[in-house]
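Okay, here's what each chain looks like letter by letter:
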Amino acid sequence: MHRVLKILLITLGIILLIYGIYYLVGRPALPVPAFRYKASPDTPLYNIVRATKSGELKLTVVTDGQIDVSSDGDRLASIQYTPKTLGNALAIAGKFMGKNPETFNAQVNKPLQSLASLLYNILRLRLTVLIGT
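Residues numbered from 1 in each chain as written. Predicted model: local features only at pLDDT ≥ 70, side-chain atom pairs only at ≥ 80, totals over all residues. Heavy atoms only, no water.

**Examining the layout of surface pockets**
Estimated volume of the largest pocket: approximately 990 Å³. In this structure, the largest pocket is lined by 35 residues; those nearest its centre are Leu 59, Val 61, Leu 90, Ala 93 and Met 97. The set of elements that each furnish at least two residues to the lining of the largest pocket consists of strand 2 (35–38), helix 2 (44–51), strand 3 (56–62), strand 4 (66–71), strand 5 (74–80), helix 3 (86–96), helix 4 (101–119) and strand 6 (125–132). Per-element accounting of the lining of the largest pocket gives the leading share, seven residues, to helix 4. Here the lining of the largest pocket is built from residues that sort into 30 nonpolar, four polar and one charged. (1 Å grid on protein atoms, 1.4 Å probe; cavity = no way out; pocket = protein on both sides within 12 Å on 5 of 7 lines; lining within 4 Å. Points joined across faces, edges and corners; volume = space filled by probe spheres on them. Helix = DSSP H or I, 4+ residues; strand = E, 2+ residues; numbered from the N terminus. Nonpolar A, V, L, I, M, F, W, Y, C, P; charged D, E, K, R; others polar.)

Here it is, written out as structure tokens:
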């Protein structure tokens, strides 16, 4: 039993050391691989994407409370959020995507709100969604 306890304490010490270094470096946002989303022609989001020169929007969500929307290097929108207000931002996004509010709330809104509230003060992640037509 002593060996298992020793390994557990060493592992915990290493995790705390890595987080301490991460905290001292300034807690930069760690990038998550980007994924693509294709907007349907019957949604309001499709018209917004088509109005850009490149035909693509870049949505960047950082779990420290920042949402940016850009196209061709130009910032189109910037939203600050807290874990409590993230649900409102996601509800608006669901309407632009043309999703059923109940389905969107169950499949996207609730899991993202839980993840954001967990990571808001601990670990910063940067999620990028490339929205095209």
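**Digging into the confidence of the model for the protein**
Put simply, the protein has an average pLDDT of 86, and 99% of its residues get 70 or more. Across the protein, the element-wise mean pLDDT spans from 78 in helix 4 up to 94 in helix 1 (residues 2–24). (pLDDT = per-residue confidence, 0-100.)

**Brief notes about the pattern of salt bridges**
This model, assessed by the stated rule, comprises two salt bridges. The salt bridge involving Glu 56 is made with Arg 36; its shortest N-O contact spans 2.8 Å. Within this pair, whereas Glu 56 is found in strand 3, its partner Arg 36 is found in strand 2, the two being separated by 20 residues in sequence. The class for Glu 56 is partly exposed, based on a relative accessible area of 30%. Given the relative accessible area of 60%, Arg 36 is considered exposed. Of the charged contacts in the structure, one is a salt bridge between Arg 75 and Asp 68, with a shortest N-O distance of 3.5 Å. For Arg 75, a relative accessible area of 59% translates into the label exposed. (Salt bridge = Lys/Arg side-chain N within 4 Å of Asp/Glu carboxyl O. Buried < 20%, exposed > 50% of the residue type's maximum accessible area, 1.4 Å probe, protein only.)

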